[in-house]
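Structural description and commentary
Residue strings, one per chain:
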Amino acid sequence: MNNKLLVEIFVILLISYRIYTLQKFNIKSAAEKLFALYYLRNHYPIMAAIIIFYIFEIVAVEFIVLDKVDIPLIFLGMIELFMIYRHIYIPLKTDDRDDYIDTVIKRMFSTLTYSEYMEIKNELYKPQPIWKLYLTEIIVFFFAIWSIEFS
């Protein structure tokens, strides 16, 4: 086996592990996915670190094994770092999904009317097709494999 194949297998296993772990929470909306990542961070920190920072782990393995800097994945990781991770690493300890989502919404928007708040909350809780919930993982998978194959 060559190094490219080993890195591709690592990417497949890592993304599959993330999707499998999140699927165990029966995720049906964006709010449930955010809460699942937050719950993992509080209750299983080592597993959460593997699942939450999967993009940076893929970039690190590509750099170490293949001596390749994957700019698209770094860009995706930075976007996810800004959009998602800042809502997961908050100074709040709760096992109640509604309390957590309320805190996230209040942190995102400083001034909200009640109707705006309810609109945002309803949008986060709206059931999504499974492909939309895991679109980031699918994009990361295709970018990683494409980058490995064309390096």
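Scroll up to find the structure.
I will try to describe carefully the structure that is included in this document. Predicted model, so just to flag it, every value in this text is computed and none were measured.

Our next topic: unusual backbone geometry. Not every positive phi belongs to a glycine, and N26 is a case in point at roughly 50°. Here N26 shows up in the loop between α1 (3–23) and α2 (30–43). Here N26 falls in the exposed class, since its relative accessible area comes to 53%. Look at D67: it is not a glycine, yet its phi comes out positive at around 55°. Assignment of secondary structure puts D67 in the loop between α4 (54–66) and α5 (71–88). Residue class for D67 comes out exposed when judged on its relative accessible area of 65%.

Before going further, it helps to examine a nonpolar patch on the surface. A cluster of nonpolar side chains, contributed by I130, W131, L135, I138, I139, F142, F143, W146 and F150, occupies part of the molecular surface with about 930 Å² of accessible area. The set of elements that each furnish at least two residues to the nonpolar patch consists of α8 (130–133) and α9 (135–149). Per element, the largest residue contribution to the nonpolar patch is six residues, and it comes from α9.

What describes a pair of aromatic rings is the distance from one ring centre to the other and the angle between the planes of the rings. Overall, the coordinates contain 11 aromatic pairs when judged by the stated rule. Note on F35 and Y38: the rings are 6.1 Å apart at their centroids and 40° apart in plane angle, and the pair reads as tilted. Of this pair, F35 and Y38 both sit in helix α2, separated by three residues, roughly a single helical turn. Exposure class is identical for F35 and Y38. Each is buried.

Here the focus is the pattern of salt bridges. One pass over the structure, following the stated rule, counts six salt bridges. R18 is the salt-bridge partner of E137, the closest N and O atoms lying 2.5 Å from each other. Residue E137 is located in helix α9, and its partner R18 is located in helix α1; the two are separated by 119 residues in the primary sequence. An identical accessibility class is assigned to E137 and R18; each is buried. Each of R18, K33, E80 and E137 takes part in salt bridges that share partners, so that together they form one network.

The rules behind the values
Residues numbered from 1 in each chain as written. Predicted model: local features only at pLDDT ≥ 70, side-chain atom pairs only at ≥ 80, totals over all residues. Heavy atoms only, no water. Helix = DSSP H or I, 4+ residues; strand = E, 2+ residues; numbered from the N terminus. Buried < 20%, exposed > 50% of the residue type's maximum accessible area, 1.4 Å probe, protein only. Patch = residues over 30% accessible without salt bridge, like charges linked within 9 Å, V, L, I, M, F, W, Y side chains within 5 Å. Areas by Shrake-Rupley, 256 points an atom, 1.4 Å probe, with all protein chains shown as cover. Salt bridge = Lys/Arg side-chain N within 4 Å of Asp/Glu carboxyl O. Phe/Tyr/Trp six-rings, centres within 6.5 Å; stacked < 30°, edge-to-face > 60°.

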